[in-house]
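# Descriptive structure summary
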Amino acid sequence: MAKISDYVSSHKYFDENYNVNNQNYSNDFLAGLNVSSPAASSGTFSLSDYSMIKSGTYGKLMKAYYAQEKAQKSSSGKDSTAKLSVMSDNAASLSKSAEALMNSSLWTKKEVKEKNEETGEETTKSEYDWKAISKALNSFIDDYNSTVEAAGESNTKSVLRNAAWMTKATSAHERLLNQVGISIGKGNKLSLDEDELKKSDIEVLKTLFTGHNSFASKIMNKGNSIANAAGVGSSYTKNGTYSKAVSQLANSKFDVKE
């Protein structure tokens, strides 16, 4: 399908710098044109063209074309709604997983039963649930990396600013993170060595992930800031349910009957 701009260019009816606010477009278009008869309409200009010009159709099309072009130029360099929604969801998930790490029960010893395979004897000892800790950390790291990756491709200044602050805060905790098996790699992404995690000092883990001013607390807050900067806001409430804003977005996009 031919574009309006291509059509105009080939017919030379409009100057490239045509002013869409010019109300005398009919006179401009007709100036110098030799209107042919229907029999000779195989040329470059026909009576049907004349009729469209006289009725203002060409002018309306051109106004629409230039308005669209202006809108495209003004929106260039900005993120689409879909892209912002993905960034918001990633950041909200990060905030939620960081909050989960701050749960005191994760850092409390549990009564664990162990069975001797040779004697069948069972013993009970108090131990940290390293499986649950590892799962929570892996979830946090996955969400962190998704957020960093999405924000790194953003053209929204407030998203970039908050993401930069977040990665700076992570770098400031790099020494402690390394002590518990978490390293910062290419693209500011995190990775976890679970063997190193199990050998780490539990007090260092608590320093990083519990308390009001902990690393986890800072990332949780910054995750919400990135979500808000993306324009949708946090996708989750404190109870883990979808926020009103995201529920409304989902209903408007997906619950429409065809």
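It should be noted that the structure appears before, not after, this text.
Notes on the structure in this doc start here. (Residues numbered from 1 in each chain as written. Predicted model: local features only at pLDDT ≥ 70, side-chain atom pairs only at ≥ 80, totals over all residues. Heavy atoms only, no water.)

### Description of the nonpolar core
What counts, and what does not: Put simply, a nonpolar core is a bunch of buried Ala, Val, Leu, Ile, Met, Phe, Trp, Tyr and Cys residues held in one set by side-chain atoms that sit within 4.5 Å of each other. Only protein chains enter the accessibility calculation, which uses a 1.4 Å probe. A residue is then buried if its area is under 20% of the maximum for its type, exposed if over 50%, and partly exposed in between. Segments assigned H or I by DSSP are reported as helices when at least four residues long, segments assigned E as strands when at least two residues long, and all are numbered from the N terminus.
Membership of the largest hydrophobic core comes to 41 residues, with the highest contact counts inside it found for Leu 137, Phe 140, Ile 182, Leu 205 and Phe 209. Elements supplying a minimum of two residues to this core: α5 (81–101), α6 (130–152), α7 (157–172), β4 (190–192), α10 (202–209) and α11 (215–229). It is α6 that contributes the most residues to this core, ten residues altogether.

### Regarding unusual backbone geometry
Phi at Asn 188 is positive, roughly 65°, even though this residue is not glycine. Inspection of the secondary structure assignment puts Asn 188 in the loop between β3 (182–184) and β4.

### What about the side chain of Ser 214?
Condition: We call two residues in contact whenever any of their non-hydrogen atoms come within 4.5 Å of each other.
Relative to the helices and strands, Ser 214 is located in the loop between α10 and α11. Under the relative-accessibility criterion, Ser 214 is labelled buried at 4%. Setting aside residues up to four positions removed in sequence, Ser 214 forms contacts with Thr 207, Leu 208 and Phe 209.

### Here's the deal with the environment of Thr 210
To be explicit about the condition: Any pair of N or O atoms that falls within 3.5 Å is considered a polar contact. Within protein, one atom must be able to donate a hydrogen and the other to accept it, and sequence-neighbouring residues count only if both atoms are side-chain atoms.
Along the chain, Thr 210 falls in the loop between α10 and α11. Taking the C-alpha atoms as reference, Thr 210 lies 4.7 Å from Met 102; in sequence the two are 108 residues apart. Within the structure, the side chain of Thr 210 is placed 2.4 Å from the backbone oxygen of Lys 206, a separation counted as a polar contact.

### Brief notes about the packing of α6 against α7
Put simply, the rule is: Every axis corresponds to a line fitted to the C-alpha atoms, with the helix fit spanning only the stretch in contact, and the corresponding angles, defined between N-to-C directions, vary from 0 to 180 degrees. Angles below 35 degrees are treated as roughly parallel, those above 145 as roughly antiparallel, those between 65 and 115 as roughly perpendicular, and all remaining angles as oblique. Helix crossings get a hand from a simple test, with the near helix turned counterclockwise from the far one by less than a right angle marking a left-handed crossing and a clockwise turn marking a right-handed one. Gly is put with the polar residues, along with every residue not named as nonpolar or charged; the nonpolar set is Ala, Val, Leu, Ile, Met, Phe, Trp, Tyr, Cys and Pro, and the charged set is Asp, Glu, Lys and Arg.
The contact between α6 and α7 brings their axes to 10 Å, and the two run at 135°. Between α6 and α7, the angle falls in the class oblique. The interaxial crossing formed by α6 with α7 has left-handed handedness. Along the contact surface, α6 presents Tyr 144, Thr 147, Val 148 and Ala 151, while α7 presents Val 159, Leu 160, Ala 163, Met 166, Thr 167 and Thr 170. For the contact of α6 with α7, the per-class residue count stands at seven nonpolar, three polar and no charged.

### Structural notes on the packing of aromatic side chains
The condition that has to hold: A pair of Phe, Tyr and Trp rings is counted when the ring centres sit within 6.5 Å of each other, with Trp represented by its six-membered ring. The angle between the planes then sorts it: under 30 degrees is stacked, over 60 is edge-to-face, the rest tilted. Charge over a ring is defined by NZ of Lys or CZ of Arg lying within 6 Å of the ring centre and within 35 degrees of the ring normal.
All chains considered together, the criterion is met by six aromatic pairs. Note on Phe 140 and Tyr 144: the rings are 6.2 Å apart at their centroids and 40° apart in plane angle, and the pair reads as tilted. In this pair, Phe 140 and Tyr 144 both sit in helix α6, four residues apart, roughly one turn of the helix. One Lys or Arg, Lys 222, reaches over the ring of Trp 165 and ends 4.3 Å from the middle of that ring.

### So, the side chain of Ser 154
Along the chain, the position of Ser 154 falls in the loop between α6 and α7. Among the polar contacts listed, one links the side chain of Ser 154 to the side chain of Asp 79, at a separation of 2.6 Å. One polar contact links the side chain of Ser 154 to the main-chain amide nitrogen of Thr 156, over a distance of 2.9 Å. With sequence-adjacent residues up to four places away left out, Ser 154 is seen in contact with Asp 79, Lys 83, Met 87, Val 159 and Leu 160.

### Concerning the pairing of strand β2 (residues 122–127)
To be explicit about the condition: Strand pairing is defined by DSSP finding a minimum of two bridges between the two strands.
Bridging between strand β1 (residues 110–115) and β2 involves six bridges; their strand directions are antiparallel. Within β2, the position partnered with Lys 110 by the bridge is Glu 127. Counted between consecutive antiparallel strands, the loop separating β1 from β2 contains six residues, among which Gly 120 sits at a positive phi close to 80°.

### Quick notes on the pattern of salt bridges
To be explicit about the condition: Any carboxyl oxygen of Asp or Glu that lies within 4 Å of a side-chain nitrogen of Lys or Arg is treated as forming a salt bridge with it.
By the definition in use, this model includes four salt bridges. Here Glu 149 ties to Lys 189 by a salt bridge, and the two come within 3.2 Å at their closest N and O atoms. Highlighted residues: Glu 149 in helix α6 and Lys 189 in the loop between β3 and β4, separated in sequence by 40 residues. Residue Lys 206 pairs with Glu 203 through a salt bridge whose shortest N-O separation is 3.9 Å.

### Some remarks on the packing of α7 against α11
Any two packed helices are characterised by how steeply their axes cross, that is the angle between the axes, and by the distance between the axes. Between α7 and α11, whose axes approach to 9 Å, the crossing angle comes to 170°. The pairing of α7 with α11 is recorded here as roughly antiparallel in orientation. Counted together, Ser 158, Val 159, Asn 162, Ala 163, Trp 165, Met 166, Ala 169 and Thr 170 of α7 and Phe 215, Lys 218, Ile 219, Lys 222, Ser 225, Ile 226 and Ala 229 of α11 form the full contact between these two elements. For the contact of α7 with α11, the per-class residue count stands at nine nonpolar, four polar and two charged.

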